[in-house]
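# Close look at the chain arrangement
Take a look at the letters that make up each chain.
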Amino acid sequence: MTTGPGAAVTPGVRALAVLGWFAVAVGVFGVALRFLDVENQRLLILASAAPYLMACAAVGLVLLGLIRHWVGFTVALAVAVVAMFSQGPLYVANESATTSGPVLTVMQANIWLGNADAASVVRQIRDHDVDVLTVNELTPEAVDRLLDAGIESSLPFSFLMPGFGGEGTGIWSRYPLSDEVHHSEFILSALSARVNLSDDVSAVLYAFHPVPPWPTDPSIWSGEMDRIEAILDAVPADSGPVVVSGDFNATRDHVKYRNLVSGRYRDAADEAGAGIQNTYPADRPPFPPMIAIDHILTSGAHAQSVESVVLEGSDHRGLIAKILLGS
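Not measured: the values here are computed from a predicted model.

Another point: the side chain of E224. Inspection of the secondary structure puts E224 in helix 8 (residues 218–233). For the buried residue E224, which engages in no salt bridge, the nearest side chain bearing the opposite charge is R227, 4.0 Å off. Contacts of E224, omitting those with residues within four sequence positions, involve F186, I187, H209, P210 and V211.

Here we take up the pairing of strand 4 (residues 169–173). For strand 4, the buried fraction is high: five of the five residues fall into the buried class. Neither face of strand 4 is exposed, since T169, I171 and S173 on one face and G170 and W172 on the opposite face are all buried. Pairing of strand 2 (residues 132–136) with strand 4, which is carried by five bridges, proceeds in the antiparallel orientation. Residue pairing across strands places L133 opposite W172, the latter belonging to strand 4. Alignment of strand 3 (residues 157–161) against strand 4, held across five bridges, turns out to be antiparallel. For F159, the partnering residue across the bridge sits in strand 4 and is I171.

On to helix 8. Between its terminal C-alpha atoms helix 8 stretches 23 Å, which fits the 22 Å expected from 16 residues at 1.5 Å a residue. Taken together, the buried residues of helix 8 touch helix 2 (41–47), strand 7 (202–208), strand 8 (242–247) and helix 9 (255–260). Of the residues flanking the start of helix 8, the one acting as N-cap is D217, its side-chain oxygen 2.8 Å from the backbone nitrogen of S219.

Here I45 is to be found in helix 2. The exposure class assigned to I45 is partly exposed, which follows from its relative accessible area of 42%. On a C-alpha basis, the gap between I45 and H254 in space is 9.6 Å, while along the polypeptide they are 209 residues apart.

Bringing the packing of aromatic side chains into the picture now. All chains considered together, the criterion is met by four aromatic pairs. Both rings, one in W70 and one in F73, keep their centres 5.8 Å apart while their planes meet at 85°; by these two values the pair is edge-to-face. With W70 and F73 both in helix 4 (residues 70–87) and three residues apart, the pair spans about one turn of that helix. Looking at W70, the relative accessible area reads 40%, which means it is partly exposed. With relative accessibility at 26%, the residue F73 sits in the partly exposed group. Taking the centre distance of 5.7 Å and the plane angle of 65° together, the rings of F248 and Y257 count as edge-to-face. We classify Y257 as buried; its relative accessible area is 0%. Three or more aromatic residues joined by ring pairs make a cluster, and in this case those are F186, Y206 and F208.

The rules behind the values
- Residues numbered from 1 in each chain as written.
- Predicted model: local features only at pLDDT ≥ 70, side-chain atom pairs only at ≥ 80, totals over all residues.
- Heavy atoms only, no water.
- Helix = DSSP H or I, 4+ residues; strand = E, 2+ residues; numbered from the N terminus.
- Buried < 20%, exposed > 50% of the residue type's maximum accessible area, 1.4 Å probe, protein only.
- Lys, Arg positive; Asp, Glu negative; His and termini not counted.
- Salt bridge = Lys/Arg side-chain N within 4 Å of Asp/Glu carboxyl O.
- Contact = heavy atoms within 4.5 Å.
- Pairing = 2+ DSSP bridges.
- Expected span 1.5 Å × (residues − 1).
- Polar contact = N/O pair within 3.5 Å; in protein donor to acceptor, adjacent residues only side chain to side chain.
- Phe/Tyr/Trp six-rings, centres within 6.5 Å; stacked < 30°, edge-to-face > 60°.

Right, dumping it as structure tokens:
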């Protein structure tokens, strides 16, 4: 064992060395999961926890440093640096080339098989002056409850495709909608429409909900993520601002999701420097949500702020982004 002067190789030191190396190995595993495009179900689930696994490298750094195990300390430091560079930029806002223009406030809400409290959803819409709402797991009964709660007083325009269980998706808007499309190639409803803020200002909006990689076959999730990428890449560059919102059942540590935001599209939380906005699971108090699978993306626009909000009765938190339209 390589230690510095004065660090006696006692059973306690050996135990710390073993724990330190184990922590480093877990950190390496977390880094590998982030960069490998895997389709194995267990590995995809573990990739959702990659930031927590990577954080173990810092534990190894401390333990190996305490016993002056310099070889191990150096390895742990290298892994910790890689982990930091993979997660740190999420907390630094990107500069916007646009200094003025219309702002569109977009809210994403998975309402858990239609079970979320409709009054809570409408309250968040009003409190945050939301302009557009995308809803996943929208059932016919949930539509009725949202209407009874007064959603149309804030968002009078809608394009809805409710369904049973998690199938349904919907869009509500403060502004008129046009060019409405139901993308029928997905198992769970996927919608798009143009949001017309005025005669000369509009934005294309997509509402997606790919199936989860568990308990369904992960290849189905992978295929749907690829389809989303193809749809977004096919949007003409002269279409103006594009906003993409939904429950992607993927974190930014999944390669399939990062493929969506590696070109002209950007993750709104990343743009705004809002960090990891964990939204799921939100129904296990006192524990907070642990992973970020709800996302809002932009192209030809810039996210000024992103925050998660409580949706009573749902297993997800909502996500709200203020988006400055324009290149």
